[in-house]
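Structural overview for review
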Amino acid sequence: MYIIAGLGNPGREYENTRHNIGFMVIDEAAGKYNISVTEKKHKALIGKGIIGGQKVILVKPQTFMNLSGESIREVIDYYKIDEKAELIVISDDISLETGAMRIRKKGSAGGHNGLKNIILHLGHDEFQRMRIGVGEKLPEYELVDYVLGHFGEEDGKLIAASVKEAAEAIEVMITDGPDAAMNRFNKRKPTVD
């Protein structure tokens, strides 16, 4: 069984913001694999289904970004999974260009407060993660205003394409493993129709 957690902030005002890319990927995967993510449990919205022949739990923590680890720890403890092999966390990344994807098997938080909190609650950084680039902050923005801001039209198209690819990448991570997904998806910018 896999737990796939997309990071974001709950509430309408945060929908489609840079920081909510994890929620966007979970919503895309939910639609693609016909999984309803509406059950309120473990400080999150969760949905159970099958991706690539494996049981999965899709998770959207409702704790706000900086406390994401609280929810994810509860889900892991309840379902008793091996978080080093069966947890996939999806988040935004300001150090990647808009729409680029980076999949890794472990690593630091890279300054991302949601990942920092997950590492704190797990006690290690050895879990699979997928980061999607939202572009570097412009000098005139405070970081918090930038990550909580909405995408412009061009960036929005790139992100929509990237979110679709991310849902595909999840299945590759599950069926063929993270190395295969890294080879296929890392750093590649999505193509926009």
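For the structure itself, look to the data block above.
Residues numbered from 1 in each chain as written. Predicted model: local features only at pLDDT ≥ 70, side-chain atom pairs only at ≥ 80, totals over all residues. Heavy atoms only, no water.

With respect to the environment of I119
Counted only if it meets this: Think of it this way: any DSSP run of H or I at least four residues long counts as a helix, any run of E at least two long counts as a strand, and we number them from the N terminus. We call two residues contacting when some pair of their heavy atoms lies within 4.5 Å.
On the secondary structure map, I119 appears in helix α4 (residues 113-122). For the pair formed by I119 and I4, sequence separation is 115 residues and the distance between their alpha carbons is 16 Å. Beyond its immediate stretch of four places on either side in the chain, I119 contacts G107, S108, A109, H124, D125 and F127.

Some details on the pattern of salt bridges
Stated precisely, the cut-off is as follows: Between Lys or Arg on one side and Asp or Glu on the other, a salt bridge is scored when a side-chain nitrogen of the former is within 4 Å of a carboxyl oxygen of the latter. A simple rule labels every residue: compare its accessible area, found with a 1.4 Å probe on the protein chains alone, to the largest value its type can have, and call it buried under 20%, exposed over 50%, or partly exposed in between.
Applying the stated criterion across every chain yields a total of 12 salt bridges. Notably, a salt bridge pairs D77 with R73, separated by 2.9 Å at the nearest N-O pair. Of this pair, D77 and R73 are both found in helix α2 (residues 68-79), 4 residues apart, which corresponds to roughly one turn of the helix. We classify D77 as partly exposed; its relative accessible area is 43%.

With respect to the sheet that holds strand β7 (residues 128-133)
The criterion, for reference: By the convention used here, strands pair only if DSSP detects at least 2 bridges between them. Note on geometry: axes are C-alpha line fits, over the in-contact stretch for helices, and angles between N-to-C directions span 0 to 180 degrees.
The sheet built from 7 strands is open, its strands ordered β2-β3-β4-β1-β5-β7-β6 with mixed pairing. This sheet does not close on itself; its edge strands, each paired only once, are β2 (39-41) and β6 (101-104). Direction aside, neighbouring strands of the sheet carry axes that sit 25° apart on average. Pairing between β2 and strand β3 (residues 44-51): 3 bridges, direction antiparallel. Residue pairing in the sheet places E39 in a bridge with I46 of β3. Sitting on the sheet, α2 is in contact with β1 (2-6), β2, β3, β4 (54-61) and β5 (87-93), with an inclination near 155° to β4.

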